[in-house]
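Spelled out from the first residue to the last, the chains are:
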Amino acid sequence: MSLKIEIDNGSGFCFGVTTAIQKAEEELAKGNTLYCLGDIVHNGMECERLRQLGLITIDHEQMASLHNVKVLLRAHGEPPATYELARKNNIEIIDATCPVVLQLQKRIRKQYEASPSGEGASIVIFGKKGHAEVLGLVGQTQSEAIVIENFDEVSRLDFTRDIYLYSQTTKSLDEFHRIIEYIQQHISPTATFRSFDTICRNVANRMPNISSFATKHDLVLFVCGRKSSNGRVLYNECLRVNANTHMIEGPEEIDPAWLEGIETVGICGATSTPKWLMEQCRDALSNE
């Protein structure tokens, strides 16, 4: 019996990542030297494909020693210090910050300027500590914003102070709402609490979609770079509804033993998973 294989239409690059990669490809096609600050996407194979086209990935330390070059800022965004460094070193910035992230940065900066923490307000960001997007957000507040990674950390906040709560764009909507409820229950009557739902729907909607996709198949292959935090969340959701889910980085990790007694395979991935990689996995299965 032939294997039925379906690639999830909702998986693959989100708008912000697609735009960043297009900008990189356009620049490289002109024959220009182009640097990218950090991995353009949390997917080793896509980074390697772009490296072969000429993209040079650098970190902040390396950028500090560059002058008169072009540097691409990826979808995650950067703190103001990065733009300051570019001005100082005459670096031309190609800004591929996702519009959703850019909007969030502006809102946080405006809030910070309106109520500096010295005046008793806390700007709180629900996000992954050290994540590129979160560093860019915290940078809008002179590094004064408080980052909480999960619901368990919310009890540490000072509920006697005004709290303005924001979220990294790719966090879980459900957990964000739990955090809001907890703060509402514990905030002092004399303090103000405001929350701003800044979660990207493009990403948030993938949870229910990928969940229903995973339930339809005997075996699910979740294709994703191990560095992707969004990938980890979506993979766990697949695993929750279908125990026969395996995370792989590419076709070479497919174990033929997984296919025994299997009739349908679903292939899906993160917002950082290129379509071509999911197609390679499909082709590898077809050749089994």
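**A short note on the overall build of the protein**
Moving on, step 1. When helices and strands are tallied, the protein shows eleven helices and twelve strands.
Moving on, step 2. The C-alpha atoms of the protein give a radius of gyration of 21 Å, which matches the 19 Å a tight globule of 288 residues would have.
Moving on, step 3. A principal-axis box enclosing the C-alpha atoms of the protein has dimensions of 70 × 50 × 25 Å.
Moving on, step 4. Within the protein, residue pairs in contact and separated by at least 24 positions form 71% of the contacts whose partners lie at least 6 positions apart.
Moving on, step 5. Accessible area for the protein stands at about 13800 Å²; split by element, carbon and sulfur atoms hold 48% of it.
Moving on, step 6. Measuring between centres, the 29 positive side-chain charges of the protein sit 5 Å from its 38 negative side-chain charges.

**Structural notes on the sheet that holds strand β10 (residues 219-223)**
Two modes of strand pairing occur in sheets, parallel and antiparallel, and in both the strands are linked by backbone hydrogen bonds.
Moving on, step 1. The strand order across the open sheet formed by four strands is β1-β12-β10-β11, and the pairing between neighbours is parallel. Each edge of the open sheet is held by one strand with a lone partner, namely β1 (4-7) and β11 (245-248). For this sheet, the mean angle separating the axes of adjacent strands, direction not counted, is 20°.
Moving on, step 2. One ladder, built from four bridges, connects β1 with strand β12 (residues 264-269); its direction is parallel. Looking at the pairing, K4 lines up with T264 of β12.

**Side note on the environment of T264**
Moving on, step 1. The topology assignment puts T264 in strand β12.
Moving on, step 2. For T264 and R51, which are 213 residues apart along the polypeptide, the C-alpha to C-alpha distance reads 35 Å.
Moving on, step 3. Other than its neighbours up to four places away in sequence, T264 contacts K4, K216, H217, D218 and L219.

**A few points about helix α9 (residues 206-215)**
Count 3.6 residues to each turn of an α-helix, and residues three or four apart come out pointing the same way.
Moving on, step 1. Regarding α9, the residues found buried are R206, I210, S211, F213 and A214. For α9, the arc enclosing every buried residue in end-on projection is 165°, short of the 170-degree limit, so these residues lie on one face.
Moving on, step 2. Each element contacted by the buried residues of α9 is listed here: β1, α8 (201-204), β10, α10 (229-241) and β12.

**Some remarks on the state of the cysteines**
Moving on, step 1. Under the definition given, this model contains zero disulfides.
Moving on, step 2. We note that C36 lacks a disulfide partner, and the nearest cysteine sulfur, in C47, lies 7.7 Å from it.
Moving on, step 3. Residue class for C36 comes out buried when judged on its relative accessible area of 0%.
Moving on, step 4. A disulfide-free cysteine, C224 has its sulfur positioned 9.9 Å from the sulfur of C268, the nearest such atom.
Moving on, step 5. Using a relative accessible area of 0% as the deciding quantity, one classes C224 as buried.

**So, the packing of aromatic side chains**
Moving on, step 1. Inspection of every chain in the model, using the stated rule, returns five aromatic pairs.
Moving on, step 2. Geometrically, the ring pair formed by F159 and Y182 is tilted, given 6.0 Å between the ring centres and 50° between the ring planes. Of this pair, F159 sits in the loop between β7 (146-148) and β8 (162-167) while Y182 sits in helix α7 (residues 173-186), and the two are 23 residues apart along the sequence.
Moving on, step 3. Between Y166 and F196 the ring centres are 4.6 Å apart and the planes differ by 15°, which places this aromatic pair in the stacked class. Pair noted here: Y166 is in strand β8 and F196 is in the loop between β9 (193-195) and α8, with a separation of 30 residues, a long-range link.
Moving on, step 4. Judged by its relative accessible area of 2%, Y166 falls in the buried class.
Moving on, step 5. Take F196: its relative accessible area is 10%, and that puts it in the buried class.

**A closer look at the pairing of β11**
Moving on, step 1. Sheet topology places β10 next to β11; four bridges connect them, and they run parallel. What sits directly across from L221, in β11, is H246.
Moving on, step 2. In this fold, β10 hands off to α10, which returns the chain to β11; that crossover is right-handed.

The rules behind each value
Residues numbered from 1 in each chain as written. Predicted model: local features only at pLDDT ≥ 70, side-chain atom pairs only at ≥ 80, totals over all residues. Heavy atoms only, no water. Helix = DSSP H or I, 4+ residues; strand = E, 2+ residues; numbered from the N terminus. Rg over C-alpha atoms; globule rule 2.2 N^0.38 Å. Contact = heavy atoms within 4.5 Å. Areas by Shrake-Rupley, 256 points an atom, 1.4 Å probe, with all protein chains shown as cover. Lys, Arg positive; Asp, Glu negative; His and termini not counted. Charge placed at Lys NZ, Arg CZ, Asp CG, Glu CD. Pairing = 2+ DSSP bridges. Axes fitted to C-alpha atoms, helices over the stretch in contact; angles between N-to-C directions. Buried < 20%, exposed > 50% of the residue type's maximum accessible area, 1.4 Å probe, protein only. Arc of directions from axis to C-beta. Disulfide = S-S within 2.5 Å. Phe/Tyr/Trp six-rings, centres within 6.5 Å; stacked < 30°, edge-to-face > 60°. Right-handed = clockwise from strand over helix to strand, strands pointing away.

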